[in-house]
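A structural walkthrough
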Amino acid sequence: MQTKGSNPPDGGYGWVVVVSAFMVMGLTVAVLKTFGLFFVEIQQHFDGLASTTSWITSVTIAIFHLGAPVASLLCVRYTHRTVVITGGLLAFSGMALGFFGFNMLWMYVTTGFLQGLGISFSWTPAISIVSHYFSKKRALANAIASAGECAFTFIFGPFFQWLISQYGWKGALLIIGGIQLHICISGALMRPLASSCLLEDSHSDTETPPGNSALRTDKEDKSPIIHKTFSWRLLRQPEFVLYSIFGILAAMSFFVPPLFLVPLSYSLRIDESWTASLLSILALVDFAGRLLCGWYANLHITKTIHLLAMTILLIGTSLMLLPLANNYVSLAIFTGFYGFFFGTTVAIHITVLADVVGMPEFDSALGLFMLIRSTGGFVGPSLAGLIVDMAGDYRAGFYMAGATLILSAGFLVTLDQLQQRKEKGSQTSPKRENSVLPFPSLHILKHKNRRY
C-alpha cells in the first residue's frame, strides 16, 4: 500500500538492490546458519556443556531480533544504506574480537552480542528496502534476496570446515570477519528510495526555491514518504499480535536444526567431510525452495498466508521425522526435505507481514516483529540444548523444534479466519448503506411531482 505518486519502480535499479540484499543475506544469516561447525570445537576448547555453548547462538539470535527496531528506527531517521554499512562494521568487529577467545563470556559478548547486532543492522534494512522497491513482484524479489543465505551456506559449509582444519576455530573466525566487511560494499549500492527513508531537510531546501512556500507545500503533500516516526500502535492490532505469536514459536525452532545437525551427524559417526556436505545439501534445497515458492507466490494463485501455513506444517513434520535417520543417506534425505520446506517458508513470511500491516506501516512492523520474535530466538536454542543435555541425545532437539512449528501454524489459521471475517464485514456494510439510498431519492421525486 503506497501513497499516491509513490508507486515502487518494480524493477530497474531495484534489481541492483535485490542483488545487494542477496549478498547481505549470505554474509549474515548464512554465517549464523553454519556456526554449528564451530559448536563442537568451542565446546571442547572450553570443556563446556551443550546448553552452555548453545548460549552463543542464543545471544546472537536474540540480539539479531532485539536490534531490529533500532535498525528500523535508524532507517526512518537516516537511510537504509547507512545502517547496512554500520552493520557490516559491527559484524566484522564481533568475529575479529572472537578470535582472542579468552573465555565463554568473551564469546557471548563478541560472536554473540556484536555479531548479532551486526546481523540485525545489515539484515533488517536490506530486506526492508527490497519490499519498498517492489510491489507486484515483491514475493519474487524477496525470495531472490533471501536466497543469498542459501547460496552462501552451500559454499560456507565446506569452506568453513576447511578453515577450521587449516587455521583452527579462532583463525577461522578472524578470516570470516574479514569476509563480512563486504557487507559495507553491498550497503553502499542500496540507493535510498524516497518512500523508504526520510529525506534530509537540506535536500528539500536545495530542490525548492527560497521563498516559494506554495511549491514547497505541494512537494510535501505529494511526497511518497510514509512515516517519520516509529509506529507502536501496531501492538494494538489483533492481526499483528497473532502474527507475532507465530513468529515467536517459529523462531524457537528455526535455528535449532542448523545448530544440532552437525553434532547429530557426529553422534552417528559420520565422517567430518560428509558432515559438512549436509550443510551444502541443506543450502541447495533451501535455495530451490525459496525460488520456487517465490515464483509460485508471484502468480497469486494461492493466498500467501495459506501457503505459509502449509509450508510451516510441512517443515514441522520434516523435523519430527528427521531424527529417524541412522546413517548418512537417510540423514541427507530428511535434511533435504527440511531444507526445501524451510526455504519455501522464508521466501514468503516477510511478504505475509507486509500483507498483514500494509506498506505504510511496514518498516515499523518489521522492527517490532523482529523484537517480539527475539524471545523465541533467545529461548529456542538454549531450551533445545537443555533438553538435549537431559535426554542425552541430539534427536530430542529436533522433536522440540518440530512440535513447536506445528503449534505455530495454528496462529496463522486463526489470523486468516480473523482477516476473512473482517473482509466479509467490509463487503456487507456498503450493501446496507446502498439499500437505504433509494428511499431519499423516492421522497424527493414525490415532492417534485407534488410541486409541479
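Described below are features of the structure shown in this document. Everything quoted here is computed from the prediction, not taken from an experiment.

Tallying secondary structure elements over the protein chain gives 18 helices and zero strands in all. Burial status across the protein chain gives 54% buried among its 452 residues. Sequence separation of at least 24 residues holds for 86% of the intrachain contacts in the protein chain that already meet a minimum separation of 6. Within the structure as shown, the protein chain displays about 19,600 Å² of accessible surface, and the carbon and sulfur contribution to it stands at 66%.

We now examine the packing of aromatic side chains. For the structure on display, the rule yields 22 aromatic pairs. Centroid distance Phe159 to Trp162: 6.3 Å. Interplanar angle 20°. Geometry classified as stacked. One end of the pair is Phe159 and the other is Trp162, both in helix 7 (residues 148-180) and three residues apart, which spans about a single turn. Exposure remark for Phe159: the relative accessible area of 28% places this residue in the partly exposed category. A relative accessible area of 44% places Trp162 in the partly exposed class. Positioned above the aromatic ring of Tyr78, the side-chain terminus of Arg77 is 5.1 Å from the ring centre.

Counting residues in hydrophobic clusters, the biggest one holds 114 residues, and the most contacted among them are Phe38, Trp123, Tyr243, Phe260, Leu331 and Leu353. For this core, the leading source of residues is helix 15 (residues 328-357), giving 15 residues. Once you skip the residues sitting within four places of it in the chain, Tyr243 turns out to touch Leu308, His349, Val352, Leu353, Phe369, Leu412 and Leu415.

This part is about empty space enclosed by the protein. Applying the stated rule across the entire model yields five cavities of 30 Å³ or more. One number sums up the size of the largest cavity: a volume of about 260 Å³. Taken together, 20 residues form the lining of the largest cavity, with Val29, Glu149, Val346, His349 and Arg373 sitting closest to its centre. Where the lining of the largest cavity is concerned, the elements lending two or more residues are helix 1 (14-33), helix 5 (104-133), helix 6 (138-146) and helix 15. Ranked by residues supplied to the lining of the largest cavity, first place goes to helix 15 with six residues.

Time to look at the layout of surface pockets. In this structure, the second largest pocket encloses a volume near 350 Å³. Taken together, 19 residues form the lining of the second largest pocket, with His300, Lys303, Thr304, Thr351 and Asp355 sitting closest to its centre. Those elements that provide at least two residues to the lining of the second largest pocket are helix 6, helix 13 (272-298), helix 14 (304-321), helix 15 and helix 17 (395-436). A per-element tally of the lining of the second largest pocket places helix 15 first, with four residues.

Position of Glu239 relative to the elements: it lies in helix 11 (residues 238-254). Between the C-alpha atoms of Glu239 and Phe411, which are 172 residues apart in sequence, the distance is 10.0 Å. Here Glu239 is in contact with Val356, Leu415, Leu418, Gln419 and Lys422, once residues within four sequence places are set aside.

A large share of helix 6 lies buried, amounting to seven of its nine residues. Within helix 6, the full set of buried residues consists of Arg138, Ala139, Ala141, Asn142, Ala143, Ala145 and Ser146. Elements that come into contact with the buried residues of helix 6 comprise helix 1, helix 5, helix 7, helix 13 and helix 15.

Looking now at the pattern of salt bridges. Using the criterion set out here, one finds eight salt bridges in the structure. Here Arg290 ties to Glu149 by a salt bridge, and the two come within 2.7 Å at their closest N and O atoms. Of this pair, Arg290 sits in helix 13 while Glu149 sits in helix 7, and the two are 141 residues apart along the sequence. By relative accessible area, which is 0% here, Arg290 ends up buried.

Moving on to the packing of helix 12 (residues 256-267) against helix 16 (residues 362-391). As a packed pair, helix 12 and helix 16 sit with axes 9 Å apart at the nearest point and diverge in direction by 35°. Here helix 12 and helix 16 pass one another in a crossing that is right-handed. Listed contacts from helix 16 to Val256, Leu259 and Phe260 of helix 12 are Gly380, Pro381, Ala384, Gly385 and Val388. A breakdown of the residues in the contact of helix 12 with helix 16 according to their chemical character gives six nonpolar, two polar and no charged.

Together, Trp55, Phe378, Val379, Leu383, Leu386 and Met390 make up a nonpolar patch on the protein surface, roughly 520 Å² of accessible area in all. Among the elements that take part in the nonpolar patch, helix 16 stands out by supplying five residues, more than any other. Along the chain, the position of Val379 falls in helix 16.

Over its 30 residues, helix 16 runs 42 Å from end to end, which matches the ideal 44 Å to within 8%, given 1.5 Å per residue. Arg373 marks the point of greatest bend in helix 16, at about 35°. Just downstream of helix 16, Gly392 is the residue with a positive phi angle, here 70°.

Glancing now at the side chain of Gln419. Examined against the element boundaries, Gln419 turns out to sit in helix 17. Judged by relative accessible area, Gln419 falls into the buried class, the value being 15%. Excluding residues that lie within four positions of it along the chain, Gln419 makes contacts with Glu239, Lys303, Ile305 and Val356.

This part is about unusual backbone geometry. Positive phi outside glycine occurs at Asp10, with the angle close to 55°. Residue placement: Asp10 occurs in the segment before helix 1. With a phi angle near 60°, His300 is a residue other than glycine that sits in the positive phi range. Within the secondary structure, His300 sits in the loop between helix 13 and helix 14.

Parameters and conventions
- Position numbers for residues count from 1 along each chain, tracking the sequence in the order it is written.
- Owing to the predicted nature of the model, reporting of local features is limited to residues with pLDDT of at least 70; listing and counting of side-chain atom pairs is limited to 80 or more, with chain, interface and lining totals taken over all residues.
- By convention in this description, side-chain values take in all heavy atoms of the structure and omit both hydrogens and water.
- Secondary structure follows DSSP: runs of H or I at least 4 residues long count as helices, runs of E at least 2 residues long count as strands, and numbering of each begins at the N terminus.
- In this scheme, a residue with accessible area under 20% of its type's maximum is buried, one over 50% is exposed, and one in between is partly exposed, where area comes from a 1.4 Å probe on protein chains only.
- Should any heavy atoms of two residues lie within 4.5 Å, those residues are counted as being in contact.
- The Shrake-Rupley method, run with a 1.4 Å probe, gives the accessible areas here. Residue values count only the displayed protein chains as cover.
- Only centres within 6.5 Å qualify two rings of Phe, Tyr or Trp (six-membered ring in Trp) as a pair; their planes then separate them into stacked at under 30 degrees, edge-to-face at over 60, and tilted for everything else.
- Whether a charge sits over a ring depends on NZ of Lys or CZ of Arg being within 6 Å of the ring centre and within 35 degrees of the ring normal.
- Residues enter a nonpolar core if they are buried and are Ala, Val, Leu, Ile, Met, Phe, Trp, Tyr or Cys, with the set joined through side-chain atoms within 4.5 Å.
- Definitions used for this entry: grid spacing 1 Å over protein atoms alone; cavity, a set of points where a 1.4 Å probe fits but cannot get out; pocket, an open set with protein on both sides within 12 Å along at least 5 of 7 lines; lining residue, one with an atom within 4 Å of a point.
- Grid points are joined across faces, edges and corners, and a volume is the space filled by probe spheres set on the points.
- Should a side-chain nitrogen of Lys or Arg be within 4 Å of a carboxyl oxygen of Asp or Glu, the pair is scored as a salt bridge.
- Structural elements are reduced to axes, namely lines fitted to C-alpha atoms, with helices fitted over the stretch in contact, and the angle between N-to-C directions of any two is expressed from 0 to 180 degrees.
- Crossing handedness follows the turn of the near helix against the far one: under a right angle anticlockwise gives a left-handed crossing, and clockwise gives a right-handed one.
- Polar here means any residue other than Ala, Val, Leu, Ile, Met, Phe, Trp, Tyr, Cys and Pro, which are nonpolar, and Asp, Glu, Lys and Arg, which are charged; Gly is therefore polar.
- Patch construction takes residues with relative accessible area above 30% that form no salt bridge. Like charges are linked within 9 Å, and nonpolar side chains (Val, Leu, Ile, Met, Phe, Trp, Tyr) are linked within 5 Å.
- An expected span of 1.5 Å times one less than the residue number is assigned to each helix.
- At every residue, the bend is computed as the angle between two fitted axes, covering the seven residues ending there and the seven beginning there respectively.

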